[in-house]
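Architecture and fold: a report
Here is what each chain is made of, one letter per residue.
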Amino acid sequence: MAATDTRTVTAQEARKAILRCFQKQRPVFLWGPPGIGKTYEVTKTLEELDQQAQCNYTFVSGKTKATGLFKLLYDNRFPDCVLVLDDIDSVFDSEDSLN
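Quick summary incoming for the structure in this document. Note that this is a predicted model, so its numbers are computed, not measured. (Residues numbered from 1 in each chain as written. Predicted model: local features only at pLDDT ≥ 70, side-chain atom pairs only at ≥ 80, totals over all residues. Heavy atoms only, no water.)

Here we look at the pattern of salt bridges
Under the defined criterion, the tally for this structure stands at two salt bridges. In this structure, Lys 71 engages Asp 75 in a salt bridge whose closest nitrogen and oxygen atoms are separated by 2.6 Å. Taken together, the residues Lys 71 and Asp 75, both in helix H3 (residues 66-75) and four residues apart, mark about one turn of the helix. Relative accessible area serves as the criterion here: at 36%, Asp 75 is assigned to the partly exposed category. (Salt bridge = Lys/Arg side-chain N within 4 Å of Asp/Glu carboxyl O. Helix = DSSP H or I, 4+ residues; strand = E, 2+ residues; numbered from the N terminus. Buried < 20%, exposed > 50% of the residue type's maximum accessible area, 1.4 Å probe, protein only.)

Remarks on the nonpolar core
Listed in full, the eight residues of the largest apolar core are Ile 18, Phe 22, Val 42, Leu 46, Leu 49, Cys 55, Val 82 and Val 84. Within the residue set of this core, elements represented by two or more residues are helix H1 (11-23), helix H2 (38-51) and strand E2 (81-86). Looking at this core, the element that brings in the most residues is H2, giving three residues. Not counting the four nearest positions on each side in its chain, Phe 22 is found in contact with Leu 49, Gln 54, Cys 55 and Val 82. (Core = buried A, V, L, I, M, F, W, Y, C linked by side-chain atoms within 4.5 Å. Contact = heavy atoms within 4.5 Å.)

Quick look at the layout of surface pockets
The volume enclosed by the largest pocket comes to roughly 1100 Å³. As for the largest pocket, its lining consists of 32 residues, of which Val 28, Phe 29, Leu 83, Val 84 and Leu 85 are closest to the centre. Those elements that place two or more of their residues in the lining of the largest pocket are H1, H2, H3 and E2. (1 Å grid on protein atoms, 1.4 Å probe; cavity = no way out; pocket = protein on both sides within 12 Å on 5 of 7 lines; lining within 4 Å. Points joined across faces, edges and corners; volume = space filled by probe spheres on them.)

This is how it looks when you write it as structure tokens:
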């Protein structure tokens, strides 16, 4: 599958993809309409990994600025860190954020 291909997955397939990406230390991107369980599946999967002491995750949702995003990326740069960015479109609200 090419990097720009998309496909529809079930919740169980999404969970498997999240785990596979975590094990390989690769990013995963989930997108889709509201209310289909994206946030729920990610949170549930990371809580299980956290309980097993396999990861340390930070969940960010809502408003943030470019400087805040940079700090989050820096603070979560370690191999066992997982950073979840959920609905942070506000980072692109100002012209300064895009420079």
